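# An overview of the molecular structure
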Amino acid sequence: MMPEWPFTGRLRALDRIRAELRTGPGVVIAGPAGVGKTRLAAEAVRDMEPVLHVGATRATAQVPLGAFAGLLPAEPAAARSLNLLRWATEELRLRAGPGELVLAVDDGHLLDPVSAALVHHLVLHGHARLLATIRSGEPVPDPVLALWKEGLTPRLELGPLPPGATREVLEGALGGQLDTATVERLWQVTRGNLLFLRELVLAVTAEGLLARVHGVWRWWGELPVTPRLRELVEIRLGAVDAGEREVLEYVALGEPLGAYTLIRLTSANAVERAEEKHLIELARSGRRLEVRLAHPLYGEVARDRAGPGLVRTRMAELAEAVEAQGLKRAEDLLRGAVWRLESETTVDGGASVAASLRAKSAYDLTLAERLGRAALAAGGGIDAAIALAGVLLLTERAAEGGEILASLTGQAGTDRDRARAATTWVFGLAMSPDARTTALEILTAAEATITGPAELQELLCMRGRVHTQLGELPAARDAVRRARELGEPNARVAAYAASVETAVAAYGGRLDACLTQVAGVLDRPAGWRDETADTYPELDMLCARMLALLFSGDPVAAASAVDDVISRLDARFRTWDLGIAGFLGHRGQIQRMRGAVRDAERSCREGMARLASGPTGFAGLCLGELAHSAALLGDLETAEVALAGAQARTLPTFYLIDFPGRLARPWVLALRGELPAAVAAALSAADEAAARGVHSYEMLALHDVVRLGAADLAADRLELLADWMDGPLIRTCARHARAAADLDGPVLDAVAQEFAAFGMTLHAAEAAAQAAPAHEQAGQARNARAARVRAWILAQRCQGARTPALAGLAAPALTPRQYEIVGLAATGLGNREIADRLVLSTRTVANHLVAAYHRLGVSDRTALAALLSAAGPPVSGF
């Protein structure tokens, strides 16, 4: 880690401060302690001269001119002593030397009255430009307050760093990519306070809790409270009496905590004092008034200071309090069980099973496992065993989970128990290399012992899911058909069936049917969510919707869908790394198709950092997409290593999920310069997908053939797919193939616009680039130039991606001034408006535009606007 953290995240504020110092009397920066006011001020005056620095402290606040003691003589000259401010001004000017003085004052709220008056005097009479920092919420001397009250200087409020800026700071300090959940956790704990952030990063690094995996920094484990971090937090807490400390302890262990529960545990007076001191915050949640800590680190310090014994006592008291109220809210069951577990008091087996299932449905698998083990130990029976085994299988511990389920053979006395045990086991076996045979055998054996129609339907739906994952779509359809033929399914079975049907529809090209069915199940109240803690039906349908949006030509909506799922899985730092990794791989897939190839590479690396070594779920997806993005970026070494890893680490039951690895191979071959082999690989992937009915990936593979320059080999097949497959994307791909094969420049121009409208920028750039030679062959030189410019503009938005279609593209031969004028003209400004803005003559503007029109292949402003709008949102230079 760098000894001095890089300055970033405050560049807009820095620009504003420097502008104020150049053109005005200065600026006052206000903000809470630790947000980076001092560092920002230092950066603002770094290259300025002359600068005099003044640092106020509580000690100097008691001494007249104490803050200026290091800058002024020990005693004023006798003749000038009657006008102290004039004498100090002259001494400061003399000390600064020639030039306009800049006075930098840190912690201006601590200035003594005379120093404050001097600062006001210097600014009021124009003797110095001021850059001062003050702490928000602290009393400020009247002369300092007058600086912005009287309009002498603006006051700039500096808040905590937002998450995006926090990521920039951390990646600069650590020298590499950070896991999104780690950034979010660090931000949530510190609330963007740079002082806390630095201390926390030092603490977790020293404890070995922050480490680099696959090039990505991740934080595991608890938050260590070091002496330095505790000291900083306690300074912020201030004086806390015994009653207030008790409030902090309960809220730290139980937030969000009902206000009336907290008052019963402590006292109304203590709660009121804690709120007045900003130790806690109260807010409404429905009809309930809830209490939370004012800052997360208050809780860490309170728990650390309380010690293990007192923490257990407090948790037992919290459990008793919530149980006495009757567990009124759904989450009360889980919270009460956790408090019982943590306090090592009596654990109820049934309640712990229910709590384990609820934790599992919330994707907090670490907690679900702990509660499941406690339930089993407390005599929870077969329900506890199935709950625990389900978590173990979901977290890739198939051996232990399988042993637990195998031991239930004699205990599963009902159809319901046998079906639950079988489906739980089969679901977990998806992580096993020989899962196909074993999973189908378990289902067949269970079906032979079960007569209940609902339980048989569940088994058949699980069979359909296994076949779907294996890429055996006809068999998957048949299994669900058989389940529905057994009778009208209950809500739970209907959800299981829909999760298979929507996945088959998404991969099979029936995208409208997929989206309609997902909306019908997920976008209405669903009793099945209350009947089962199985998370997979909902996640499978969310994934199907995401893929259907992508395959239909709406990657923007697909990106929003995948981000929503990831945020839900990663909320409150839950621990299902495997599932989050899968959706990170899909995020990379979507980003790549949007042309954001470097973002895609980041997402895939982040996904890999969450996966176990060796063959594992989603490894083929993450590594395949990493190989694809690396190939598009020209990084052959990374692409080849990732592609080899994708092939070696995929699982049979992840055939469909990991299919993107097959789509990556042609682009790795193309990067090697083996273009015929790349085309052959893309055709092979298309044939493989077609043979299994995976027509959505057949479409993408065939379109890759077009992008690689062999449109004549794919045009007929894409047109056949377009006759029945849903969504606008297949139709655009088919039009692209036929136009590229026929060298139809105008249609290729239109296709480029369609791809740009979809948000598929790289595809748009390639279509525009292919239009240029088509126009040239037709003798349309101006249109060819316009197509190349459009392709170049689009390619600039693809984060450095380069493909065979984009080879040889060059920047338009415009001067910097022409770029500037063209960009303004494209926004609708007239020549006179441009001339006024750039301080030029209208004739000069007109001459520049004429030259630019010729080089861009357009004839007037209308054509220029059309050229740039066809390329999508503006970029630097346009």
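Predicted, not measured: the structure shown is a model, and the values here were computed from it.

### So, the overall build of the protein chain
Tallying secondary structure elements over the protein chain gives 43 helices and eleven strands in all. With the principal axes as the frame, the protein chain shows a C-alpha extent of 110 × 85 × 45 Å. Counting over 878 residues, the protein chain shows a buried share of 56%. Long-range contacts, defined here as pairs at least 24 residues apart, represent 67% of the contacts in the protein chain between residues at least 6 apart. Surface accessibility of the protein chain: about 35600 Å² in total, with carbon and sulfur atoms responsible for 53%. Separation between the mean location of the 94 positive side-chain charges and that of the 104 negative ones in the protein chain comes to 4 Å.

### A word on the packing of helix α19 (residues 415-428) against helix α21 (residues 453-469)
Look at α19 against α21: their axes get within 9 Å of each other, and the N-to-C directions meet at 10 degrees. Taken together, the axis directions place α19 and α21 in an arrangement best described as roughly parallel. Contacts from Asp 415, Arg 416, Ala 419, Ala 422, Thr 423, Val 426 and Phe 427 in α19 reach Glu 455, Glu 458, Leu 459, Met 462, Arg 465 and Val 466 in α21. Here the residues of the contact of α19 with α21 are counted per class, giving seven nonpolar, one polar and five charged.

### What about empty space enclosed by the protein?
For the structure shown, the criterion picks out five cavities of 30 Å³ or more. Considered as a void within the structure, the largest cavity measures approximately 450 Å³ in volume. Lining of the largest cavity is provided by 27 residues; of these, Arg 465, Gln 469, Asp 540, Phe 618 and Ile 657 occupy positions nearest its centre. Taken together, the elements giving at least two residues each to the lining of the largest cavity come down to α21, α23 (491-508), α26 (536-552) and α28 (577-593). It is α26 that provides the largest number of residues to the lining of the largest cavity, a total of six residues. Counted by class, the lining of the largest cavity contains 18 nonpolar, seven polar and two charged residues.

### Comments concerning the sheet that holds strand β1 (residues 26-31)
Reading across the sheet, the five strands line up as β2-β3-β4-β1-β5 and stay open at both edges, with parallel pairing between neighbours. Each of the sheet's edge strands pairs with one partner strand only, and the pair in question is β2 (51-55) and β5 (155-157). Strand after strand, the sheet turns through a mean of 15 degrees between neighbouring axes, direction not considered. Here strand β3 (residues 102-106) runs beside strand β4 (residues 129-135); their pairing, made up of four bridges, is parallel. Across the sheet, residue Val 105 finds its bridge partner in β4, namely Ala 132.

### Regarding the nonpolar core
Among the nonpolar cores identified, the biggest contains 163 residues, and Met 699 and Leu 718 are the most heavily contacted of them. For this core, the leading source of residues is α26, giving twelve residues. Those residues in contact with Met 699, other than ones at most four positions away along the chain, are Phe 551, Leu 718, Leu 721, Met 725, Leu 729, Ile 730 and Cys 733. Leu 174, Trp 219, Val 247 and Val 291 belong to the second-largest nonpolar core, a separate cluster that totals 57 residues.

### A closer look at the pairing of strand β10 (residues 280-285)
Where β10 and strand β11 (residues 288-293) come together, six bridges link them in antiparallel fashion. Paired with Ala 283 across the two strands is Glu 290, which belongs to β11. What sits between the antiparallel neighbours β10 and β11 is a turn of two residues, in which Gly 286 has the positive phi angle 65 degrees.

### Digging into the sheet that holds β11
Each strand in a sheet pairs with its neighbour through backbone hydrogen bonds, running either in the same direction (parallel) or in the opposite one (antiparallel). Strand order in the open sheet formed by three strands is β9-β11-β10, with antiparallel pairing between adjacent strands. Both outer strands of the open sheet, β9 (257-258) and β10, are each paired with one neighbouring strand and no more.

### Brief notes about the layout of surface pockets
If you add up the space inside the second largest pocket, you get close to 1200 Å³. For the lining of the second largest pocket, the secondary structure elements donating two or more residues are α2 (37-44), α8 (194-206) and α9 (227-237). Grouping the amino acids of the lining of the second largest pocket by side-chain chemistry returns 18 nonpolar, twelve polar and eleven charged.

### Quick look at the side chain of Asp 179
For Asp 179, the position within the fold is in the loop between β6 (177-178) and α7 (180-190). Within the structure, Asp 179 has its side chain in polar contact with the backbone nitrogen of Ala 181 (distance 3.3 Å). With sequence-adjacent residues up to four places away left out, Asp 179 is seen in contact with Arg 167, Val 216, Trp 217, Arg 218, Glu 606 and Arg 610.

### So, the environment of Gly 617
Mapping Gly 617 onto the fold places it in the loop between α29 (597-609) and α30 (619-632). C-alpha of Gly 617 to C-alpha of Ile 590: the two residues are 27 residues apart in sequence and 19 Å apart in space. Excluding anything up to four places from it in sequence, Gly 617 contacts Glu 396, Leu 578, Leu 611, Leu 651 and Phe 654.

### Some points on helix α6 (residues 163-174)
Taking 1.5 Å per residue, twelve residues should reach 16 Å; α6 reaches 16 Å between its end C-alpha atoms and fits that length. Close packing links the buried residues of α6 with β6, α7, α8, β7 (210-213), β8 (216-219) and α29. Taken from the residues just after α6, Gly 175 is the one with a positive phi, measuring 75 degrees.

### Notes on the packing of aromatic side chains
Taken as a whole and judged by the stated rule, the model has six aromatic pairs. Taking the centre distance of 5.2 Å and the plane angle of 75 degrees together, the rings of Phe 551 and Tyr 697 count as edge-to-face. Here Tyr 697 lies in helix α34 (residues 695-707) and Phe 551 lies in helix α26, a separation of 146 residues in the sequence. Judged by its relative accessible area of 1%, Phe 551 is buried. In textbook terms, an aromatic cluster arises when at least three aromatic residues are bridged by ring pairs, as seen for Tyr 507, Phe 551, Tyr 655, Phe 659 and Tyr 697. Over the aromatic face of Trp 148 sits the side chain of Arg 155, whose NZ or CZ is 4.8 Å from the ring centroid.

Thresholds, definitions, all that
- Residues numbered from 1 in each chain as written.
- Predicted model: local features only at pLDDT ≥ 70, side-chain atom pairs only at ≥ 80, totals over all residues.
- Heavy atoms only, no water.
- Helix = DSSP H or I, 4+ residues; strand = E, 2+ residues; numbered from the N terminus.
- Buried < 20%, exposed > 50% of the residue type's maximum accessible area, 1.4 Å probe, protein only.
- Contact = heavy atoms within 4.5 Å.
- Areas by Shrake-Rupley, 256 points an atom, 1.4 Å probe, with all protein chains shown as cover.
- Lys, Arg positive; Asp, Glu negative; His and termini not counted.
- Charge placed at Lys NZ, Arg CZ, Asp CG, Glu CD.
- Axes fitted to C-alpha atoms, helices over the stretch in contact; angles between N-to-C directions.
- Parallel < 35°, antiparallel > 145°, perpendicular 65-115°, else oblique.
- Nonpolar A, V, L, I, M, F, W, Y, C, P; charged D, E, K, R; others polar.
- 1 Å grid on protein atoms, 1.4 Å probe; cavity = no way out; pocket = protein on both sides within 12 Å on 5 of 7 lines; lining within 4 Å.
- Points joined across faces, edges and corners; volume = space filled by probe spheres on them.
- Pairing = 2+ DSSP bridges.
- Core = buried A, V, L, I, M, F, W, Y, C linked by side-chain atoms within 4.5 Å.
- Polar contact = N/O pair within 3.5 Å; in protein donor to acceptor, adjacent residues only side chain to side chain.
- Expected span 1.5 Å × (residues − 1).
- Phe/Tyr/Trp six-rings, centres within 6.5 Å; stacked < 30°, edge-to-face > 60°.
- Lys NZ or Arg CZ within 6 Å of the ring centre and 35° of its normal.

Shape is all these values report; function is a separate question.
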